[in-house]
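Topology and contacts: notes
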Amino acid sequence: MNKLLGVLTALAVISGGGLAAAQNVDPTLADRTGVYVGGTLGTTTDDASRITAGAVVGYQAHRNLRLEGTYDNVWNTSRNGSVLMLNVVPQYRVPNSTLTVYGVAGAGLGWDNYGRVGSGDAAAVYNVGAGVRIAVIHSEELVARARYVAPVTAENGAQDAVLLTLGAAYRF
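So, here's what we can say about the structure.

What follows concerns the overall build of the chain. Along the chain, the regular secondary structure elements total one helix and eight strands. Written out in order from the N terminus, the α and β elements of the chain read α-β-β-β-β-β-β-β-β. Taking all 172 residues of the chain together, 42% fall into the buried category. For the chain, restricting intrachain contacts to residue pairs at least 6 apart in sequence, the fraction spanning at least 24 positions comes to 56%. Surface accessibility of the chain: about 8,400 Å² in total, with carbon and sulfur atoms responsible for 64%.

Overall, the coordinates contain two aromatic pairs when judged by the stated rule. With a centroid separation of 5.0 Å and an interplanar angle of 75°, the aromatic rings of Tyr170 and Phe172 are classed as edge-to-face. Geometry around Tyr36 places Arg66 over its ring, the cationic atom sitting 4.1 Å from the centre.

Our focus in this paragraph is unusual backbone geometry. With a phi close to 60°, Asn96 is a non-glycine residue in the positive phi region. The class of Asn96 is exposed, set by a relative accessible area of 76%.

What follows concerns the environment of Leu29. With respect to the secondary-structure elements, Leu29 resides in the loop between helix H1 (2-22) and strand S1 (34-44). Separated by 108 residues in the primary sequence, Leu29 and Ile137 have C-alpha atoms spaced 8.8 Å apart. Apart from residues lying up to four places away in sequence, Leu29 is in contact with His138 and Arg171.

Along the chain, Asn127 turns up in strand S6 (residues 123-137). A residue is classified by how much of its surface remains accessible, and Asn127, at 0% relative accessible area, is buried. Of the polar contacts made by the side chain of Asn127, one reaches the side chain of Asn87; its length is 2.8 Å. With sequence-adjacent residues up to four places away left out, Asn127 is seen in contact with Met85, Asn87, Val104, Ala105, Gly106, Ala107, Arg147, Tyr148 and Val149.

Counting seven residues, the largest nonpolar core consists of Val74, Val83, Met85, Val125, Val149, Ala161 and Leu163. Secondary-structure elements contributing two or more residues to this core are strand S4 (80-93) and strand S8 (161-171).

Calculation notes
Residues numbered from 1 in each chain as written. Predicted model: local features only at pLDDT ≥ 70, side-chain atom pairs only at ≥ 80, totals over all residues. Heavy atoms only, no water. Helix = DSSP H or I, 4+ residues; strand = E, 2+ residues; numbered from the N terminus. Buried < 20%, exposed > 50% of the residue type's maximum accessible area, 1.4 Å probe, protein only. Contact = heavy atoms within 4.5 Å. Areas by Shrake-Rupley, 256 points an atom, 1.4 Å probe, with all protein chains shown as cover. Phe/Tyr/Trp six-rings, centres within 6.5 Å; stacked < 30°, edge-to-face > 60°. Lys NZ or Arg CZ within 6 Å of the ring centre and 35° of its normal. Polar contact = N/O pair within 3.5 Å; in protein donor to acceptor, adjacent residues only side chain to side chain. Core = buried A, V, L, I, M, F, W, Y, C linked by side-chain atoms within 4.5 Å.

If you want it as C-alpha cells, here you go:
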C-alpha cells in the first residue's frame, strides 16, 4: 500500500508541473498522428519490493487510437522478469486541454517470473490497463499508467503483477 501511495504522490507532483507547463500548448497537438518513443520507471503492487524500467515505441494512427510495443524489465534481489507486448491503445483527449485518458490491452511474451520460471523459455502473456498522458510542449508528453500483466496459462510458477509506471515520450 505504501508503494501505491508513493507512486500516486509522484504522479500528482509530476501532473501538477505538467499541467502548468501545458497551459500554453495547443490542445490539438495531442491529436496529431505520428511515431513516438519513450521510457518509464515504476513499481509493482506485489509484496516483493520491485522496480520496473521500460521502453515504448508506438504510432498514433488516429486521434483516438494508438498502436505500440512495450518492453518492461522488473527486478528485485530474488526474482526478475521481463515482458514484451504489442498493445492497442484507445484514447480520448479531454476537450480544450492536452490531457488524454486511455486504455491499453495487448499480448506478448514473458520471461522468467512472467514466463516459465527457471527454464529461460518465453510464455504467452497479456496485459490490460489504463493511464493518463499530458502533452507539455510541442513534442513531449508525460505519462502515467497502471497495467495488469499475467501469463495466459500459469505454468511452473509464472507470476502476474500490476505495474505502476511514470514516464515521458517524445513525438516525431
